[in-house]
There are 2 protein chains.
Amino acid sequence: MERGRGALGPALELVHTGRAPTRAVLTAELGVTRATAGAVAAELEALGLIQVDARPAAAAGSQGRPSHRLSVAPNGPVVLAAQIHADGFRASLVGLGGRTVATAPGCMTVPADPSHIIDAVVAAGAGLLRGTGRRCLGAGLAVPSAVAEPEGTALNPLHLSWPAGAPVRELFTESLAKAGVTGPGGAPLAGVAGNDVNLAALAEYRHGAGRGARHLLCVATGHRGVGGALVLDGRLHSGSSGLALEVGHLTVNPAGLPCHCGSRGCLDVEADPLAFVTAAGREPGPAVSLLQQSRDLIRSEYADPGVRAAVELLIDRLGLGLAGLVNILNPDRVLLGGLHRELLEADPERLRAVVADRSLWGRSGSVPILACTLDHGSLIGAAEAAWQPVLDDPLAVLGCGS
Amino acid sequence: MERGRGALGPALELVHTGRAPTRAVLTAELGVTRATAGAVAAELEALGLIQVDARPAAAAGSQGRPSHRLSVAPNGPVVLAAQIHADGFRASLVGLGGRTVATAPGCMTVPADPSHIIDAVVAAGAGLLRGTGRRCLGAGLAVPSAVAEPEGTALNPLHLSWPAGAPVRELFTESLAKAGVTGPGGAPLAGVAGNDVNLAALAEYRHGAGRGARHLLCVATGHRGVGGALVLDGRLHSGSSGLALEVGHLTVNPAGLPCHCGSRGCLDVEADPLAFVTAAGREPGPAVSLLQQSRDLIRSEYADPGVRAAVELLIDRLGLGLAGLVNILNPDRVLLGGLHRELLEADPERLRAVVADRSLWGRSGSVPILACTLDHGSLIGAAEAAWQPVLDDPLAVLGCGS
DNA sequence: GTATTTTGTTCAGCGTCGGCACAAAGTCAG
DNA sequence: CTGACTTTGTGCCGACGCTGAACAAAATAC
């Protein structure tokens, strides 16, 4: 409680994202003196958040005294991360560094009443907490819908049969209280809720293929429709009311299918798994298995000319949409998830060529397009959102006394 | 040089934008004690940047001791602001608060060699500086082209006959040195260059219709093509390489005109003055007078059914483009400039209805759409960009000794 | 004219960080 | 194996920048 209180948050974030493996690097990254960095590390260790290994692993080739290694505390506090998708839910405890400590998947048909499934996923998370006995510092929930801020309501839970405007954050917070999940000192825990693609983008930025990007654009499709997200200088850009990056209604096929938005040829209906299966000339299965059906087609039947043509068609449409987004947002990296990831991996050159051709500047055209790398990215992202208050100011969350 | 050095920049910005008319308000806005706010104000006054009037104007109805009024120093330092457009240039000296101190317009055909006109506009500005004898702290240049960062090159100076990739920032800085324009202590001055719509958006955010917005979207059209800009939390978002908000190639008319980008029906060719004049069934005049021709048509011949139909057609196309941008960016305010401003004022309800109808969420649909209010917004914006280093850290620019 | 309210100023105190000196722990050269 | 060198960790002091409290000033309210 003497030195380095102002830099506590940034320092924790550096260790959390693995960008400060040693005290020396921490010193350089924070731009402070060794004395301050040392005090900061000591404080974070005292708070039980990080670990300092005096015994260095292997100082390969470097002269001088070896650095102490900084790492996330292996038995430190966790956050409760929850995810709801069309065919079930998933709850995890996630520590710093994006490390999943325990997981409880659950499959079911999602009930029309959001509070039921939120209670179920929270109960699963509470069970994990009891089982492991870890301290819980926050809770995050990912839902397949835009979440309006500051209300915390799910505006378009399309593939869930929920009513539009369901107050998911409020339900989540109430559910946490009912399940007895509390924060430090038994205080009630305020849950955070967000769109699954947004949260996945945040997770990729911190721990996945988005590390080191300044402006990260993420586009993904799960079962139906297309979602987008943008991370600007490390912060999720969700717009003035949480509704940014609703990219599904960019026009990518002027002569295309009518969309429920009133226009034709929107990305939502032209570049999602249903569009792919249809373009490949196959009979679409049930909605929740469309992504798997598409994956199977690409991986097992790519030799089929119909499948191949469908891949190329969807790449062209997706590329048009991405080019539009690149022109507007000028990101320095683009990540693709869900079916879009499969399309990228099936023919990376074609997609990159379309984007380069249609985004005006050769420079932006050469923006790297990569695949998302995290499993359950939106779950990790929900955890990241829950960690955010701790990363912003550890002392405010943990209290000076504890 | 004792108290309040950290809060110096934020305090200056508050006075600069008129959000801190008194010491008491400054105290509240900065979230510091009266002692600190007083010291900060004293320091800024000592630096010659602001003025403290002990004699209050008229404390209407309020109890207690009247506040001292804070205002921008009337004879304080200025920055050199320059703007180049299709039919000439304009140079001004602009003080804090966006106050234009002196102006030198110049009309000519813009030469194909950018350095000639940049030298001319800088010479005009240098003349103003000699004439007024004011200290100059920075210089900014607005050009009708995307400016790539960090190179400072004009990538698509479409209506100028410049080569693509002209190094405008470098030319500007060299020209300043040649003209003998120097910063504090005779140090060489680093010029900043930016896209005119971007800079106009910044000016509107600070001093115009954008004041108080969190996420401000600005769309404007001058003679040809459509430009956009985004201000996020007070900072211009120009993307990872300065190329963001190139909004001209959103598709707004699937069956529309071919565009040089290879697509059809782009905003650039469907919602600019040429498109309007053509849609109204008139013979387009020379490129540099298209905006004026459009204005005249709307203001004088709105009764003509052809003109009216053209207004409605362009409103519908513009609305489609704006709706797409609102879905992606979720701003809390939209400003329109150039011909788009005229369209808004001709039929505000129609434009708002189109945007509300096509942007998915009723809430975003009700985003306020307003007209730009500043004359020569991009010139003021060039000045704002030039002021930025002073607003960020006044002491670093002015030096502790002076 | 006195009380109240609000604002500006002075001064002491303290927390936080930089700078420096020194100790510690390794590599490298002979 | 020893000594020089390099790099990292730590303790101490001072400076800087802010808070808090007391006090003074300038208006309104009664």
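To start, this report covers the structure provided alongside it. What you see is a predicted model; the values in this text were computed from it and never measured. (Residues numbered from 1 in each chain as written. Chains lettered and ligands numbered in written order. Predicted model: local features only at pLDDT ≥ 70, side-chain atom pairs only at ≥ 80, totals over all residues. Heavy atoms only, no water.)

1. Description of the overall build of chain A
(1) Moving on: A tally of regular secondary structure across chain A gives 15 helices and 14 strands.
(2) Moving on: Computed over the C-alpha atoms, the radius of gyration of chain A is 22 Å, within 12% of the 21 Å expected from 2.2 N^0.38 for a compact globule of 402 residues.
(3) Moving on: Seen through its C-alpha atoms, chain A measures out along the principal axes to roughly 65 × 55 × 40 Å.
(4) Moving on: When the 402 residues of chain A are sorted by exposure, 56% land in the buried category.
(5) Moving on: Relative to all contacts within chain A whose residues are 6 or more apart in sequence, the contacts with residues 24 or more apart total 64%.
(6) Moving on: For chain A, the computed accessible surface area is about 15700 Å², with 53% contributed by carbon and sulfur atoms.
(7) Moving on: Placing the 32 positive and 36 negative side-chain charges of chain A at their respective mean positions leaves the two points 8 Å apart. (Helix = DSSP H or I, 4+ residues; strand = E, 2+ residues; numbered from the N terminus. Rg over C-alpha atoms; globule rule 2.2 N^0.38 Å. Buried < 20%, exposed > 50% of the residue type's maximum accessible area, 1.4 Å probe, protein only. Contact = heavy atoms within 4.5 Å. Areas by Shrake-Rupley, 256 points an atom, 1.4 Å probe, with all protein chains shown as cover. Lys, Arg positive; Asp, Glu negative; His and termini not counted. Charge placed at Lys NZ, Arg CZ, Asp CG, Glu CD.)

2. So, the state of the cysteines
All names here are of chain A.
(1) Moving on: Throughout the structure, instances matching the rule amount to zero disulfides over all chains.
(2) Moving on: Looking at Cys 372, it has no disulfide partner, and the nearest cysteine sulfur is the one in Cys 218, 4.0 Å off.
(3) Moving on: Residue classification places Cys 372 among the buried positions, given a relative accessible area of 10%. (Disulfide = S-S within 2.5 Å.)

3. Brief notes about the nonpolar core
(1) Moving on: Of all hydrophobic cores here, the largest spans 82 residues; its most connected members are Phe 276 of chain A together with Phe 276 of chain B.
(2) Moving on: Setting aside its immediate chain neighbours within four residues, Phe 276 of chain A contacts Ser 294, Leu 297, Ile 298, Val 307, Ala 310, Val 311, Leu 314 and Leu 339 of chain A. (Core = buried A, V, L, I, M, F, W, Y, C linked by side-chain atoms within 4.5 Å.)

4. Quick look at the packing of helix H1 (residues 8-16) of chain B against helix H14 (residues 377-392) of chain B
Residue and element names in this part refer to chain B.
(1) Moving on: Put simply, H1 and H14 touch, their axes get as near as 8 Å, and they point 140° apart. Taken as axis vectors, H1 and H14 run oblique relative to one another. Contacts between H1 and H14 involve Gly 9, Pro 10, Leu 12, Glu 13 and His 16 from the former and Glu 384, Val 390, Leu 391 and Asp 392 from the latter.
(2) Moving on: In terms of residue class, the contact of H1 with H14 is made up of four nonpolar, two polar and three charged. (Axes fitted to C-alpha atoms, helices over the stretch in contact; angles between N-to-C directions. Parallel < 35°, antiparallel > 145°, perpendicular 65-115°, else oblique. Nonpolar A, V, L, I, M, F, W, Y, C, P; charged D, E, K, R; others polar.)

5. Quick word on helix H5 (residues 168-178) of chain B
Residue and element names in this part refer to chain B.
(1) Moving on: Along H5, the residues classified as buried are Val 168, Leu 171, Phe 172, Ser 175 and Leu 176. Along H5, the residues classed as buried sweep out an arc of 135° about the axis, all on the same side.
(2) Moving on: The inward-facing, buried residues of H5 abut strand S3 (78-85), helix H4 (114-132), strand S6 (136-143), strand S8 (153-154) and strand S9 (192-195).
(3) Moving on: Positive backbone phi, at 80°, marks Gly 180, one or two positions downstream of H5. (Arc of directions from axis to C-beta.)

6. Quick look at the relation of the copies chain B and chain A
(1) Moving on: You can overlay chain B on chain A at an RMSD of 0.1 Å; the transform is a turn of 180° with a shift of 0.0 Å along its axis. Look at the turn and shift together and you get a two-fold axis relating the two. Rotation axis and chain B: the residue whose C-alpha lies nearest the axis is Pro 254 of chain B, separated from it by 2.4 Å.
(2) Moving on: Taken together, the interface assignments show that 100% of the residues at the interface of chain B recur at the interface of chain A, consistent with an identical surface on both copies. (Least-squares fit on C-alpha atoms with pLDDT ≥ 70 in both.)

7. Describing the pairing of strand S13 (residues 333-338) of chain B
Residues and elements named next belong to chain B.
(1) Moving on: Summarising burial for S13: five of the six residues are buried, a large majority.
(2) Moving on: Where strand S10 (residues 215-221) and S13 come together, six bridges link them in parallel fashion. From the neighbouring strand, Cys 218 faces S13, where its bridge partner is Leu 335.
(3) Moving on: For S13 and strand S14 (residues 369-371), the ladder comprises three bridges, and the chain directions are parallel. (Pairing = 2+ DSSP bridges.)

8. Some remarks on the interface of chain B and chain A
Note: interface size is frequently given as the accessible area lost on complex formation between the parts.
(1) Moving on: Facing 39 residues of chain B, the contacting portion of chain A comprises 39 residues.
(2) Moving on: Both sides of the chain B and chain A interface together cover about 3100 Å² of buried area, and 59% of this is carbon and sulfur.
(3) Moving on: If you look at where chain B meets chain A, you find zero salt bridges.
(4) Moving on: In this structure, the connection of chain B to chain A is made through 20 residue pairs in polar contact (both at pLDDT 80 or more).
(5) Moving on: When contributions to the side of chain B that touches chain A are tallied by element, the ones reaching two or more residues are helix H10 (305-329) and helix H13 (362-365) of chain B.
(6) Moving on: Here the side of chain B that touches chain A gets four residues from one element, more than from any other, and that element is H10 of chain B.
(7) Moving on: Of the residues that constitute the side of chain B that touches chain A, the class distribution is 17 nonpolar, 15 polar and seven charged. (Buried area = accessible area lost by both parts, 1.4 Å probe. Salt bridge = Lys/Arg side-chain N within 4 Å of Asp/Glu carboxyl O. Polar contact = N/O pair within 3.5 Å; in protein donor to acceptor, adjacent residues only side chain to side chain.)

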